[in-house]
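Coordinates in review
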Amino acid sequence: MAAKKKIAIMTSGGDSPGMNGFVRACVRMAIHLGCDPYCIYEGYEGLVRGGNLIRKMEWHDVRGWLSEGGTLIGTARCMAFYERAGRLAAARNLISEGIDALIICGGDGSLTGADRFRAEWPSLIKELEDNGEFTAQQLEPYRHLNIVGLVGSIDNDLSGTDATIGCYSALARICHAVDLIEATASSHSRAFVIEVMGRHCGWLALMAGVATGADFIFIPEKPRADNWREEMCSIVEHHRKLGKRKTIVIIAEGALDREGNKITPTMVKDLLADKNGLGLDTRITTLGHVQRGGTAVAYDRMLATLQGVEAVKAVLEATPDTPTWVIAINENKIVRKPLMQAVQDTKRVAKAIENQDFDLAMSLRDSEFSEQYKSFMMTTAVQLNKDLLLPEKERMRIGFINVGAPAGGMNAAVRAGVAYCLSRGHEPIAIYNGFAGFARHHGDKPLGAVRNFDWLEVDGWASKGGSEIGTNRELPSESGMETVANLIEHYQFDALFLIGGFEAFHAVSQLRKARDQYPSLCIPITLLPATISNNVPGTEYSLGSDTCLNELVEYCDKIKQSASATRRRVFVIETQGGRSGYVATLGGLGVGASAVYTPEEGVSLEMLAADVRHLKEVFAQDKGQSRAGRLILINEKASKVYNARLIAEILREEAHGRFESREAIPGHMQQGGVPSPMDRCRAVRLAIRCIQHLEQYGRNVHNRVKTDPMSATVIGIRGASVVFTPITKVEEDETDWPNRRPKSAFWTEMKEIVDILGGRPSHTAPE
Ligand code: ATP
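Residues numbered from 1 in each chain as written. Predicted model: local features only at pLDDT ≥ 70, side-chain atom pairs only at ≥ 80, totals over all residues. Heavy atoms only, no water.

A separate point is the overall build of the protein chain. Along the protein chain, the regular secondary structure elements total 27 helices and 24 strands. Here the protein chain has a C-alpha radius of gyration of 27 Å; the compact-globule value for 767 residues is 27 Å, and the two agree. In terms of its C-alpha atoms, the protein chain occupies a principal-axis envelope of roughly 90 × 70 × 50 Å. A buried classification covers 62% of the 767 residues belonging to the protein chain. Considering only contacts within the protein chain whose residues lie at least 6 apart along the sequence, 78% involve residues at least 24 apart. Approximately 28,700 Å² of the protein chain is accessible, and the part contributed by carbon and sulfur atoms is 49%. Of the side chains in the protein chain, 89 bear a positive and 94 a negative charge, and the two mean positions are spaced by 3 Å. (Helix = DSSP H or I, 4+ residues; strand = E, 2+ residues; numbered from the N terminus. Rg over C-alpha atoms; globule rule 2.2 N^0.38 Å. Buried < 20%, exposed > 50% of the residue type's maximum accessible area, 1.4 Å probe, protein only. Contact = heavy atoms within 4.5 Å. Areas by Shrake-Rupley, 256 points an atom, 1.4 Å probe, with all protein chains shown as cover. Lys, Arg positive; Asp, Glu negative; His and termini not counted. Charge placed at Lys NZ, Arg CZ, Asp CG, Glu CD.)

Averaged over every residue, the pLDDT of the protein chain is 92; residues scoring 70 or more account for 97%. The complex prediction reports pTM at 0.95, with the ipTM value standing at 0.97. (pLDDT = per-residue confidence, 0-100.)

The next thing to look at is the packing of aromatic side chains. All chains considered together, the criterion is met by 18 aromatic pairs. Ring geometry for phenylalanine 218 and tryptophan 228: centres 5.3 Å apart, planes at 85°, overall edge-to-face. Residue phenylalanine 218 is located in strand β7 (residues 216-218), and its partner tryptophan 228 is located in helix α8 (residues 228-242); the two are separated by 10 residues in the primary sequence. By the ring-pair criterion, three or more aromatic residues cluster together here, those being Tyr44, Phe81, Phe117 and Trp121. If you follow arginine 365 out to its NZ or CZ, it ends over the ring of phenylalanine 369, 5.9 Å from the centre. Above the face of the tyrosine 541 ring, arginine 682 is positioned so that its terminal group lies 4.4 Å from the ring centre. (Phe/Tyr/Trp six-rings, centres within 6.5 Å; stacked < 30°, edge-to-face > 60°. Lys NZ or Arg CZ within 6 Å of the ring centre and 35° of its normal.)

Moving on to the pairing of strand β5 (residues 146-151). Where burial is concerned, most of β5 is hidden: six out of the six residues are buried. Residues Asn146, Val148 and Leu150 of β5 are buried on one face, and the alternating residues Ile147, Gly149 and Val151, pointing to the opposite face, are buried as well. Pairing of strand β4 (residues 101-106) with β5, which is carried by six bridges, proceeds in the parallel orientation. Its bridge partner being in β5, alanine 101 is matched across the sheet by asparagine 146. The sheet contact formed by β5 and strand β10 (residues 325-330) spans three bridges and is parallel. For valine 148, the partnering residue across the bridge sits in β10 and is tryptophan 325. (Pairing = 2+ DSSP bridges.)

Let us now look at the environment of valine 612. Among the secondary structure elements, valine 612 is positioned in helix α22 (residues 605-622). The spacing of valine 612 and isoleucine 647 is 35 residues in sequence and 9.9 Å in space, taken between C-alpha atoms.

Within the secondary structure layout, serine 542 lies in the loop between β16 (525-529) and α20 (545-566). For serine 542, the residues in contact, after removing those within four places along its chain, are Pro529, Ala530, Thr531, Asn534, Asn535, Val536 and Asp679.

Attention shifts here to the pairing of strand β19 (residues 630-635). When you tally the buried positions in β19, you get six out of six residues, the bulk of the element. Because side chains alternate across β19, one face comprises the buried residues Arg630, Ile632 and Ile634, and the other comprises Leu631, Leu633 and Asn635, equally buried. Across three bridges, strand β18 (residues 595-597) lies against β19 in parallel orientation. Bridge pairing in β19 links alanine 595 to isoleucine 632.

This model, assessed by the stated rule, comprises 51 salt bridges. Glutamate 503 is the partner of arginine 740 in a salt bridge, and the nearest nitrogen-oxygen pair spans 3.1 Å. Taken together, the residues span a long stretch of sequence, with arginine 740 in the loop between β23 (735-736) and β24 (741-742) and glutamate 503 in helix α19 (residues 502-513) at a distance of 237 residues. Note on glutamate 503: relative accessible area 10%, which makes it buried. Sharing partners across several salt bridges, the network here consists of Glu331, Glu368, Glu371, Arg685 and Arg689. (Salt bridge = Lys/Arg side-chain N within 4 Å of Asp/Glu carboxyl O.)

Running from amino to carboxyl end, helix α6 (residues 167-188) crosses helix α24 (residues 677-695) at an angle of 90°, the nearest separation of the two axes being 9 Å. As far as their axial angle goes, α24 and α6 are roughly perpendicular. Across from Tyr168, Leu171, Ala172, Cys175 and Asp179 in α6, the residues of α24 making contact are Pro677, Met678 and Arg680. In terms of residue class, the contact of α6 with α24 is built from six nonpolar, no polar and two charged. (Axes fitted to C-alpha atoms, helices over the stretch in contact; angles between N-to-C directions. Parallel < 35°, antiparallel > 145°, perpendicular 65-115°, else oblique. Nonpolar A, V, L, I, M, F, W, Y, C, P; charged D, E, K, R; others polar.)

Before going further, it helps to examine the sheet that holds strand β9 (residues 282-286). Strand order in the open sheet made by the four strands is β7-β8-β6-β9, with parallel pairing throughout. The open sheet has two edge strands with one neighbour each: β7 and β9. Between one strand and the next, the sheet's axes are offset by a mean angle of 15°, whatever the strand orientation. Alignment of strand β6 (residues 191-196) against β9, held across five bridges, turns out to be parallel. Counterpart to phenylalanine 192 in the pairing with β9 is arginine 283. Across the sheet, helix α7 (residues 203-212) lies against β6, β7 and β8 (247-252), angled at about 160° from β8, the strand it touches most.

With respect to the helices and strands, glutamine 510 occurs in helix α19. On the basis of relative accessibility, which here comes to 15%, the residue glutamine 510 falls in the buried class. Discounting chain neighbours no more than four positions away, the residues touching glutamine 510 are Leu475, Pro476, Ser477 and Met481.

Tyr168, Phe400, Phe497 and Leu528 are the most contacted members of the largest nonpolar core, which totals 148 residues. Setting aside chain neighbours within four positions, we find phenylalanine 400 in contact with Val414, Gly417, Val418, Cys421, Pro428, Ile429, Ala430, Ile431, Phe453, Ile469, Phe497 and Ile691. (Core = buried A, V, L, I, M, F, W, Y, C linked by side-chain atoms within 4.5 Å.)

Below, the discussion takes up the site of the ligand. Residues in close proximity to the ligand total 15 residues, the closest being Gly14, Arg77, Cys78, Gly109 and Ser110. Glycine 109 places a main-chain nitrogen or oxygen 2.8 Å from an oxygen atom of the ligand. For the ligand, the accessible surface in isolation is 620 Å², of which the surrounding protein chains cover 86%. Considering each element in turn, the shell around the ligand owes the most residues, six residues, to helix α4 (residues 108-130). Looking at side-chain class alone, the shell around the ligand contains four nonpolar, eight polar and three charged residues. (Near = heavy atom within 4 Å. Polar contact = N/O pair within 3.5 Å; in protein donor to acceptor, adjacent residues only side chain to side chain.)

Time to look at helix α9 (residues 265-273). Those residues of α9 lying buried are Pro265, Val268, Leu271 and Leu272. Down the axis of α9, the sector holding all buried residues measures 130°, keeping them to one side. Turning to α9, the residues buried within the fold contact β6, β7, α8, β8 and β9. (Arc of directions from axis to C-beta.)

Another point: the environment of glycine 698. Relative to the elements of secondary structure, glycine 698 occurs in the loop between α24 and α25 (702-707). The sequence separation of glycine 698 and aspartate 494 amounts to 204 residues, and the corresponding C-alpha distance is 7.6 Å.

What follows covers the packing of α7 against α24. Contact geometry for α7 and α24: axes closest at 8 Å, N-to-C directions at 80°. Here α7 is positioned roughly perpendicular relative to α24, judged by the angle of their axes. The residues of α24 that touch α7, namely those facing Met207, Val210, Ala211 and Thr212, are Pro677, Arg680, Cys681 and Val684. Among the residues forming the contact of α7 with α24, the class breakdown is six nonpolar, one polar and one charged.

This is the structure we're talking about:
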């Protein structure tokens, strides 16, 4: 039998939220796959010093780590590792412990160090042999150093990955702070200049600008034109003239002008406050280290966990010929990329900024970055850039309608769509309260349900939860297809933009099918999925699902704490999600659930019995050293019989006093208050894409629309791409209509990971 692989796990560089989730995932996955995990404490310092800074980890050592901030195995800046002598000591320590693989989570510096270590490894081994510390035979198993990198950094500064572990948590802290500042800014009609982290990378500043609807941003990669002072002042003045009472300018630490000179918050403040200019009462807020702090948001927990699992797999699959991987994410897909390339591209960004080659710097960031930059510019300088206007005959009347339950990001999507329309000369028109509102208000109050948007009002919607134009579940068939078709004709809509969940999807399908009967429906229609359940076919992500997971994870963290503080307790938590187990599964991934029950799998007596047995064992092993509570998540429709209460009662009965159990139902809290930054940013990007898709058609294209499958579509994130799919294809091939969800759940593998990392015994799903 081959010797057990010993895998070392390390965090390095600045701490970032999610690093503990990464360690937990690696430790448990390694054990699950028959390896021995070791943690290296204090980053490279631990590797160089060895001794008790390299420790073997057990399954229970990482219990509860998902909900802890920072990194529990420590991190440090290590000068010794920059020197060959330090790296030689590190090699000696690894070999002495018998460790043959290393997984590192850190920033670009840490990964550069890792790459250097790997490249130098053969010569380090040779030196250890030459100086007689190890024999050739002893060194034989260590000829090749197996390294895998993960990017843990709040700056999101590594090329090749869309997100780094921790960046969305930092963004959440920033947006929360900006939301708070906005209230006071509005009250006093003040301007605020807010400085955020990012020496070489403007991702945090850019996304915070997009998510909060800031007036102006400064980022290192894209210095504004030489006349940035005039540009900023004219945009702020324009907004003030429209009636805006607050001004928010977000500036990255590393902001520069085109000559490479630093732009400081004080310079910006002085400009806004200049009595001969705008004369605004202006304050500076530097957010500083609060941006790093706290527990990870749901997305970072997911990213850290899935990437940790992938890293262990990559280590086990590596041969001396495979490149050294960094685990990345592109849109919704975890991918392996050559570490060297990613590090080199990242360094090229810094170099390009230094050389003032800003176009190159922007092109080396991922494509989302420049797309979001354009989105930001378009939504802040609405109607100021006359070059964007389309010729009169190409301008369209576009109806906006929300369908289904409210979801985080709906308002941000409407805001971005409206801004884009106004920039292009289209007429964006609000249809209030879904199809029900559309149809009901016709007749005596024809204008009540259909109104042109007022930009000043819409501009304030970037961070608002709920649905400002109202939403309703009613389908067009229920409202009366003929009425809907007549109204579309009456209002001369050239296109329809729907935002909503499964009902909205169903509505698009009905409208398309009714085109033969009602020619007025032969207009381009597109759907931007928005529902906390994330059950819309044609996409792996719906607006609002990230907000929901954050709420759920926060709720579960609190419940878990109470469970731990009182006595041995299991909480059975009922989640929303309709007949899709996405929310329960991803929630379970974020909190480290002991079991998750989904409608896709159902619940059986055998499953319950196995889970009861498992919990008994777990609590028996605890021996009082830990009173940690346990969580089980069950989707509201997982079973007709076994609901949260019944499962809690079964557990209590079967536990015979060894532990107790309670049920908890967070209910509508899961819709969330303020939408998450991810939902807001994606709302902006996807909404603009939707209007761009619609505007390709132009006006009076009834005949073309009738035969073009792309004229009724759903936009979606699928794997590594954002795509429009014809509704005809999705409704026929991909929709499980009776269960109102996609036929195949892309997250099935994640469910397996929750079970593995929760230590759940394998079980058979009911027939
Ligand atoms: P952050 O993004 O938070 O700055 P980082 O990983 O980039 O994280 P650094 O301080 O640059 O943080 O690097 C962390 C550690 O990695 C350093 O203290 C050093 O031990 C090691 N390291 C960085 N660059 C190199 C290098 N070129 N050669 C060897 N070791 C390095």
